[in-house]
Structure formats: C-alpha cells, structure tokens
Amino acid sequence: MELAVADLTCARGGVPLLEGVSFTLPAGAALVLRGPNGCGKTTLLRTLAGLQPALAGTVSCPPEAIAYAGHADGLKAVLTVAENLAFWAAIHGQSGVEAAMKAMNLTELSGRQAQHLSAGQKRRLGLARLMVTGRAFWLLDEPTVSLDTASVALFAAVVRAHLARGGAALMASHIDLGLDEARVLELAAFRAAPRLPQGFDEAFA
Amino acid sequence: MIALLTRDLRLAFRAGGGFGLGLGFFLILAVLVPLGVGPEPRTLGLIAPGILWVGALLACLLSLDRIFALDFEDGSLDLLATAPIPLEGVVAVKALAHWLTTGLPLVLVAPLLGVLLNLAPGAYGWLVLSLLLGTPALSVIGAFGAALTVGLKRGGLLLSLLVLPLYIPTLVYGAEVVIRGAAGLGVTTPLLLLAGITAGSAALLPFAAALALRVNLR
C-alpha cells in the first residue's frame, strides 16, 4: 500500500495555496515537507487527512488509513496520561497503551493529569497517541515543537520503528529530525499562482 | 462509541466539568421565583408548570456551548472527525452525554422544586414524564446549534439566538402537559407531540450537525 498524490490542489479559505502537488509515499518511507511559513504545509496535511476537500486532484489512499496529528494534541486536561491514551486506543479499536507510553518515555507520568504536564510532555503524549491508532500513514504537523533533543531522538526512533513495521510518515517540519533516510519535498515549487476563481466571494468560500 | 460516552461523562464529573452548572441554575431559579412573586400559594401553583419548564430549558442552554467548543479548542474534534467512528455517531453520543449530565438531573430534581412552587398534586407525574420526554430534544437541538457555532469565538450569544426559536415547540407542549395534568384534563395530544419532536430531532439532527461540523472544521 502506498500513498500516491496526483495533481492535488488545496485551498485555505477558498484561495488555492498549492496546485499540482504530486508525490508517492511507499510503505516504509518517510517524507519531510519543507517550505516557508504560510506555504500550505498544514493545508496539505489536513486535505490528505480528509478534514477538508481538495479542489482538484486525487489521493490514492482513503482517510481511514491515515492518522493525523496537528498543532493541537487533542488531550483532555483533567484525564490522566493513561486515560487519554486509552480513550484514543478504544476509539480506534486498538490496544497497546502501555507500549506507547514506554516508547515515548511516559510510563512514569501515566497517572498524572494532562493539565500538569509540561509542553514537551504533552507533545510526547500527543505523539504516543499515533501509536494507538493502528493506522499505517502518519501525517505529522510540526511534530517536534517544544521537544528537547532527547525527545526528538526518542520520536525519531518511534518513527523508524513504525517505518520498519511497514508504516509511512509524512512530516511538516523545519528542523532536522535525525531521520537521514527521509526524503524532502519542497512545497514552494507547488505554490499556486495568485488568482481568484470566477465569481469568488469570500463569504461563501 | 461507548468509550466516547464514558470519556464525556468522566470529563463532566471531574473538576471544572460543569456538571452542576445547569442543576445549580435550576435550583436558584426555583428558589428565587417564590421570593420574587410572593408567597401566595394559588399564584405560585398557577405559574409553577411554566416556571419549571422555562427553568429546565434555560438550564440546558447554559451548558450547550461546551458540547463541541472544548473539543474544538484542544484539537480533539479534528481527531474525532478522522477517527473510525462516524461523525453522526459522535454528535449523537455527545448529545446523549449532555442529556445524562444536564437533562436527567433536572428531571430528577424537578419534583422537589415543584414543592417549592406549590405545584398541584396531580401534576408531579406529568411533570417528570414531560421533562423525561422533552429534555432529550433540548440536548439534541442544542448539539445541532453548538455544531453550527463551533468555530466562532464567543459564539454563545449566537448559539442562544439560534437555538431558542427551535426550543419553543418543546417548551409549549411540555408546559402544556403539566398545566393540563394539574387541571386534571387529558394530556395525550401535547404528550404525543412532545414525543414526536424528540423522536424527530433525535433521528434527523445528528446528520445535520455532523454536516455543520465538517464545514466548520475546514
């Protein structure tokens, strides 16, 4: 199974940001999206995740095979680390909460409420959530924000293990993740020409 | 689905979950009305059905914006929308959780507050029954309103304005059941209409709300 994207045009607020985006992401591979702020990395990831429709183009893989992790981690402040993970595991019909906590070095924090975690610990919990989704394609939006170098290494190891299991990862990131095998896709090349569609009205976009 | 329900219930009962919000409001209203209107038992008995129903409705309204706004803010809603359970199911489960934490406590405490308001003895059963049939509609309609306004900052006012007109039929028939029950008249017609509103909104509005959520998440 692979994620093949062909001639994808995605829009933010009705205005096309990226057009002609084409790439394939085979199982076992990682791809890093790069580009300046506002070039459409998040928009592309949200489109692939099925959260917003594409204006044109095709995505070969259904949203059901994709796990999306955005800027927000989707944690509940008054639930503990273990409860947060157990909830997402139950929603996806998976187990493996213990293993996920171990992989992201959260076992010692398992009984602590998410509101008492530091920003980096929350991020680690948000990334551990991916491991209990049981989905093959991970879409990660700035996964290393607020992580220290040790945690970035931990995260790289988790991604590598996921790739080794036949998964794939698509990451938008500005920093070096330590994943040397990852290919890089420059999104600036796909920037859409500034134009407004006929009869465009922002209010109905 | 069950996991989502237990999570929402757990969140409501933990600190800051807003479980007591509607209940507290309902209590305050029922205690203050006799003080404001005066202790004349006949007057109180006359207005009791309407006051109890209006109180229950406003108490429901108080906690509506929490249904989706909190999940939207922390990103859970994005993740739920991409999760393997259908968004329509998410809406239905969240409306059910709202009813269990807001509507059901109101139903249980209403007879007690009926005493404070000198409700006619024959009307207690009808009060509980009408609230039991009517409050689920309040939660489902409210979930629809909350889905429409989920991305808006300070959407509470707009939510109230959108939802209140939709609440009117439930209020009219619900209070009518209690008024007719108190007077010893037949209640079948308003009771059936009330049940119809609840059944209809529970069947249709989760789909409309899921559609609104998808648009708002873009």
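Structure: above.
The following refers to the structure shown.

The rules behind the values
Residues numbered from 1 in each chain as written. Chains lettered and ligands numbered in written order. Predicted model: local features only at pLDDT ≥ 70, side-chain atom pairs only at ≥ 80, totals over all residues. Helix = DSSP H or I, 4+ residues; strand = E, 2+ residues; numbered from the N terminus. Rg over C-alpha atoms; globule rule 2.2 N^0.38 Å. Buried ≥ 20, exposed ≤ 12 C-beta atoms within 10 Å, placed from the backbone. Contact = placed C-beta atoms within 7 Å. Pairing = 2+ DSSP bridges. Axes fitted to C-alpha atoms, helices over the stretch in contact; angles between N-to-C directions. Parallel < 35°, antiparallel > 145°, perpendicular 65-115°, else oblique. Left-handed = near helix turned anticlockwise from the far one by under 90°. Core = buried A, V, L, I, M, F, W, Y, C linked by C-beta atoms within 7 Å. Expected span 1.5 Å × (residues − 1). Nonpolar A, V, L, I, M, F, W, Y, C, P; charged D, E, K, R; others polar.

Points about the overall build of chain A
Of regular secondary structure, chain A possesses 5 helices and 8 strands. Helices (α) and strands (β) of chain A occur, in sequence order from the N terminus, as β-β-β-α-β-β-α-α-α-β-α-β-β. Against the globule reference of 17 Å for 205 residues, chain A gives a C-alpha radius of gyration of 18 Å, in line with a compact fold. Taken over the C-alpha atoms alone, chain A extends approximately 55 × 40 × 30 Å along its principal axes. Per-residue burial for chain A yields a buried fraction of 41% across its 205 residues. If you take every contact in chain A between residues at least 6 apart in sequence, the share linking residues at least 24 apart comes to 74%.

Regarding the sheet that holds strand β4 (residues 56-59) of chain A
All names here are of chain A. Taken in spatial order, the 3 strands of this open sheet run β2-β1-β4, and their pairing is antiparallel. Two strands lie at the open edges of the sheet, namely β2 (15-26) and β4, each paired on one side alone. Each strand of the sheet is rotated relative to its neighbour by a mean of 20 degrees, with strand direction disregarded. For strand β1 (residues 2-12) and β2, the ladder comprises 8 bridges, and the chain directions are antiparallel. Paired with A4 across the strands is T24, a residue of β2. Contacts from helix α1 (residues 41-48) reach β1, β2 and β4, with the element oriented near 120 degrees to β1.

Some details on the packing of helix α2 (residues 20-37) of chain B against helix α6 (residues 87-116) of chain B
All names here are of chain B. Axis separation between α2 and α6 bottoms out at 10 Å; the angle between their running directions is 15 degrees. Considering the angle they form, α2 stands roughly parallel to α6. Judged by the twist between their axes, the crossing of α2 over α6 is right-handed. Contact with α2, carried on its side by G22, L23, F26, A30, V31 and P34, involves T102, P105, L106, V109, L113 and L116 of α6 and no other residues of that element.

A closer look at the sheet that holds strand β5 (residues 66-69) of chain A
Residues and elements named next belong to chain A. Strand order across the open sheet formed by 5 strands is β5-β6-β7-β3-β8, with parallel pairing between neighbours. Looking along the sheet, the strands with just one partner apiece sit at the ends: β5 and β8 (183-186). Direction aside, neighbouring strands of the sheet carry axes that sit 20 degrees apart on average. Where strand β3 (residues 30-34) meets β8, 4 bridges bridge the pair, whose relative direction is parallel. Bridging across to β8, R34 finds its partner in E186. Strands in contact with α1 are β3, β5, β6 (137-141) and β7 (168-172); relative to β6, the strand with the most contacts, it is inclined by about 150 degrees. Packed onto the sheet, helix α5 (residues 149-164) meets β3, β6 and β7 and runs at close to 145 degrees relative to β7.

A word on the nonpolar core
By size, the foremost hydrophobic cluster in this structure holds 131 residues, and its most contacted members are A:A128, A:L139, B:A56 and B:A147. For A:L139, the residues in contact, after removing those within four places along its chain, are A:L45, A:L48, A:A49, A:I66, A:A67, A:Y68, A:A69 and A:L170.

Things to note about unusual backbone geometry
All names here are of chain A. At N105, a residue that is not glycine, the phi angle is positive and equals roughly 60 degrees. Here N105 shows up in the loop between α3 (97-103) and α4 (119-131). For N105, a count of 14 C-beta atoms within 10 Å puts it in the partly exposed group. Unlike most non-glycine residues, E142 shows phi in positive territory, near 50 degrees. Judged by the 18 C-beta atoms lying within 10 Å of it, E142 falls in the partly exposed class.

Quick word on α2(B)
Two residues of an α-helix separated by three or four positions point the same way, owing to the 3.6 residues in each turn. Residues and elements named next belong to chain B. Between its first and last C-alpha atoms α2 spans 26 Å; for 18 residues at 1.5 Å apiece the expected length is 26 Å, and the two agree. Within the sequence span of α2, burial applies to G22, F26, A30 and V33. On its buried face, α2 sits against α3 (41-62) and α6. Looking one or two residues beyond α2, the residue adopting positive phi is G38, at roughly 110 degrees.

Digging into the packing of helix α8 (residues 156-182) of chain B against helix α9 (residues 188-217) of chain B
Any two packed helices are characterised by how steeply their axes cross, that is the angle between the axes, and by the distance between the axes. Residue and element names in this part refer to chain B. Relative orientation of the contacting elements α8 and α9 amounts to 150 degrees, with a least axis distance of 9 Å. When the axes of α8 and α9 are compared, the pair comes out roughly antiparallel. For the pair α8 and α9, the sense of crossing is left-handed. Listed contacts from α9 to P169, T170, Y173, G174, E176, V177 and R180 of α8 are P190, L191, L193, L194 and I197. Across the contact of α8 with α9, the residue classes break down as 8 nonpolar, 2 polar and 2 charged.

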